[in-house]
Every structure is written in C-alpha cells, then in structure tokens.
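Below, each chain spelled out in residue letters.
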Amino acid sequence: MRSDAASLSDKEYLRYGRQLMLAEVGETGQARLKDKSVLIVGLGGLGSPLALYLAGAGVGTLWLADGDTVDSSNLPRQILFDSEAVNHSKAELARERLSQHNPLVELIAINQRLDAASLPEFVAEVDLVVDCCDNLATRQAINAACVAQGKPWVCAAAVGWQGQLMARTGTDHACYACLYPLDTKLVQSCETSGVTGPLVGVMGSLQALEALKLLLGMPSPVAGTLRRFDALAHQWQTLTLAPDPDCPVCGQRKEITP
C-alpha cells in the first residue's frame, strides 16, 4: 500500500485531501486514479461536467474527443465554454480549460468526430470509455468497439426533460445494441425537441460518479440496467436489461467487428 501512496506528490496530497479522506479512495485509490485513462466522446452538455469532475478528481489521462466547434446555442448548457469560445474547437478549448482547472492531469485533444473506423484505435488506449455524444450512429460505434475489446463504458443521453443512464462492465450485461437495434431510427433529438441545461448537467455528473467508481474498482449499480430520469416529475425508473443472445454485437451470433 505504501508503494502506491508514495506515487502521490505533495501537491496531490493537498489538492485531493477531501477525496483521500473517503474510505473507498484513500491513498491507494487516489494513486489508482492517477494511473487510469478515460476516453470522453463528446464535450457538449454531458461531456462538460463529466470532464471537469474527472479532471478535478485526478484521473491521470483524459482523451477529449469532439470534432465540432462551439456555437452560441451551446452556451446555456455546455459549461466548459464561454462567449469567447464561439467558433473555436471544442476539443482544443476543453484541453486548455481543463489544464487550468487541474494542471496535474494529462489531457489529449482529439479534434475529430470518431466513427466505427477510428474508434477502436482510441478505445485500445484507455481503461474506460464515457459516451457523451449526441447521435445514435456514434453511440453504436462506441458500443461495438468497447464490446470487441472488452472495455467498460458509461453512456448517458438527454432530450427535452428526459434523461437516461446506462453502463456495461462485463459480458453478462446487455450492450447498447441489445437495447436499441442497429437499424433503430432516432425519433427525438435536442435539435428538434430541445433540452434543458440542468438536465444534461445532472446526467453528465452521474456519468462522472459512475466512472470514478469503476476506475476505483468498485461495482456500479447502474451496470446492466437502464435508468430513466423524468426531470419534470423528478422521478427515476430503473429497467433491468438482459443480454440478447441474438444481438449482432455481443450475442452468440455476432455479425459485425469494429
């Protein structure tokens, strides 16, 4: 245990002092976080609070992936950015802002939209993937790459006043394609239905919470379920998800390889 603790600097003891007090973290857990790497896909309303919390917690390396630039319509909910950020790269700005937030972590900007062809390369570099994207095709590609490489992932989405959260940490859990088949068409989106800023903040913060637990080696109660949040009624619904044996991604008769 002391060998792990010795890898923390004096600055890290001071910075993470409140976190070190937690029995589930301590010196060994903090050293473990320092050694971990996470791929964040999407730096919008979900990815903004997530990235801030993971950087703040001292996760060693964050890969920040987003191919978009900041638009003024993003500002009500994407808390990493301000008015001066408009028309600038989200990935590059996120690296700059997070470096100011915590200079003790390594930040790698990926200024491109990741897809089925590019994702496997980046997924291979990290311990955990967090899906904060805003389109179904990318979600399916993230899921397929993580399943193929046996990497855990945490996924959230929000539209209107409704949020959802799920995670997959092992082969006994349903994957995203078990829940939404590959030919699923997106019915609602933020562009067509709108979204409220605090809702994406809630969902992104919950992703950060589950990500930290997984990085610390703790079980996630979210894994294997779909959590739905109705922000208007402030009600949660939990659905247990069973793996689909015929799923083309994780089932016994796989059809695709990312």
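Please refer to the structure higher up on the page.
Figured I'd write up the structure that's included with this text. Keep in mind the model is a prediction, meaning the values are calculated, not measured.

Concerning the overall build of the protein chain
Thinking step 1. Along the protein chain, the regular secondary structure elements total 11 helices and 8 strands.
Thinking step 2. Taken over the C-alpha trace, the protein chain has a radius of gyration of 18 Å; the compact-globule value for 258 residues is 18 Å, and the two agree within 12%.
Thinking step 3. Overall size of the protein chain, expressed as C-alpha extent along the three principal axes, is 50 × 45 × 40 Å.
Thinking step 4. Looking at the protein chain residue by residue over its 258 residues, the buried ones come to 52%.
Thinking step 5. Within the protein chain, counting contacts between residues at least 6 apart in sequence, those at least 24 apart form 65% of the total.

Re the state of the cysteines
Thinking step 1. Scanning all chains against the criterion turns up 0 disulfides.
Thinking step 2. Looking at the unpaired Cys146, the closest cysteine sulfur is the one in Cys155, lying at 10 Å.
Thinking step 3. In this model Cys178 remains outside any disulfide bridge; the closest cysteine sulfur is found in Cys250, 3.4 Å from its own.
Thinking step 4. Under the relative-accessibility criterion, Cys178 is labelled buried at 17%.

Quick look at the pattern of salt bridges
Thinking step 1. What the rule picks out here adds up to 6 salt bridges.
Thinking step 2. In this structure, the salt-bridge partner of Arg97 is Asp82, at a minimum N-O distance of 3.7 Å. Taken together, the residues Arg97 in helix H6 (residues 90-101) and Asp82 in the loop between strand S2 (61-65) and H6 connect sequence positions 15 residues apart.
Thinking step 3. The partner of Lys213 in a salt bridge is Glu210, with the nearest N and O atoms 3.0 Å apart. Separated by 3 residues within a single helix, Lys213 and Glu210 lie in helix H11 (residues 197-215), roughly one turn from each other. Glu210 matches Lys213 in its accessibility class, with the two residues each being buried.

With respect to helix H8 (residues 136-149)
Thinking step 1. A rise of 1.5 Å per residue sets the reference length of H8, with its 14 residues, at 20 Å; its end C-alpha atoms lie 20 Å apart and thus fit the reference within 8%.
Thinking step 2. Buried residues dominate H8, accounting for 11 of its 14 residues.
Thinking step 3. For H8, every residue scored as buried is listed here: Leu136, Thr138, Arg139, Gln140, Ala141, Ile142, Asn143, Ala144, Ala145, Cys146 and Val147.
Thinking step 4. Where the residues of H8 are buried, they touch strand S1 (37-41), helix H7 (119-123), strand S4 (128-131), strand S5 (153-159), strand S6 (162-168) and helix H9 (176-179).
Thinking step 5. Backbone nitrogen of Ala137 and a side-chain oxygen of the N-cap are separated by 3.4 Å at the start of H8; the cap is Asn135.
Thinking step 6. Within two residues after H8, Gly150 carries a phi angle of roughly 65°, on the positive side.

Observations regarding the nonpolar core
Thinking step 1. Residues Val38, Ile40, Leu54 and Leu62 are the most contacted members of the largest nonpolar core, which totals 48 residues.
Thinking step 2. Element by element, the count of residues in this core is highest for H11, at 8 residues.
Thinking step 3. Residues within four places of Val38 in sequence aside, it is in contact with Leu54, Val59, Thr61, Leu62, Trp63, Val126, Leu128, Val130 and Leu215.
Thinking step 4. Of all hydrophobic cores here, the second largest spans 32 residues; its members include Val41, Val126, Ala145 and Cys250.

Re the pairing of S6
Thinking step 1. With respect to burial, S6 is a largely interior element, 6 of its 7 residues being buried.
Thinking step 2. Pairing of S5 with S6, which is carried by 7 bridges, proceeds in the antiparallel orientation. Residue pairing across strands places Val154 opposite Ala167, the latter belonging to S6.
Thinking step 3. Connecting S5 to the next strand, S6, in antiparallel fashion are 2 residues, including Gly160 with a positive phi near 60°.
Thinking step 4. Where S6 meets strand S7 (residues 225-230), 5 bridges bridge the pair, whose relative direction is antiparallel. Each bridged residue has a counterpart across the sheet, and for Gln162 the counterpart in S7 is Asp230.

Analysis parameters
Throughout this document, residue positions are counted from 1 along each chain, in the order its sequence is written. Local features in this predicted model are restricted to residues whose pLDDT is 70 or higher, and side-chain atom pairs enter the listing and the counts only when it is 80 or higher, whereas totals over whole chains, interfaces and linings include all residues. Hydrogens and water are ignored here; the side-chain numbers use all heavy atoms of the structure. Note on conventions: DSSP H or I runs of at least 4 residues are helices, E runs of at least 2 residues are strands, and numbering of each starts at the N terminus. Two things to know: the radius of gyration comes from C-alpha atoms, and the globule rule equals 2.2 Å times the number of residues to the power 0.38. Per-residue accessibility, obtained with a 1.4 Å probe over protein chains only, is compared with the maximum for each type, and a residue is labelled buried under 20%, exposed over 50%, and partly exposed between these values. It only takes one pair of heavy atoms within 4.5 Å for two residues to be counted as in contact. In what follows, a disulfide is any cysteine sulfur pair within 2.5 Å. A carboxyl oxygen of Asp or Glu within 4 Å of a side-chain nitrogen of Lys or Arg is what we treat as a salt bridge. Here the expected length of a helix is defined as 1.5 Å per residue gap, with one fewer gap than residues. Polar contact is the term for a pair of N or O atoms within 3.5 Å; when the atoms are in protein, one must be able to donate a hydrogen and the other to accept it, and sequence-neighboring residues count only if both atoms are side-chain atoms. By convention a nonpolar core is built from buried Ala, Val, Leu, Ile, Met, Phe, Trp, Tyr and Cys residues, the set being connected through side-chain atoms within 4.5 Å. Strand pairing is assigned whenever DSSP identifies at least 2 bridges connecting the two strands.

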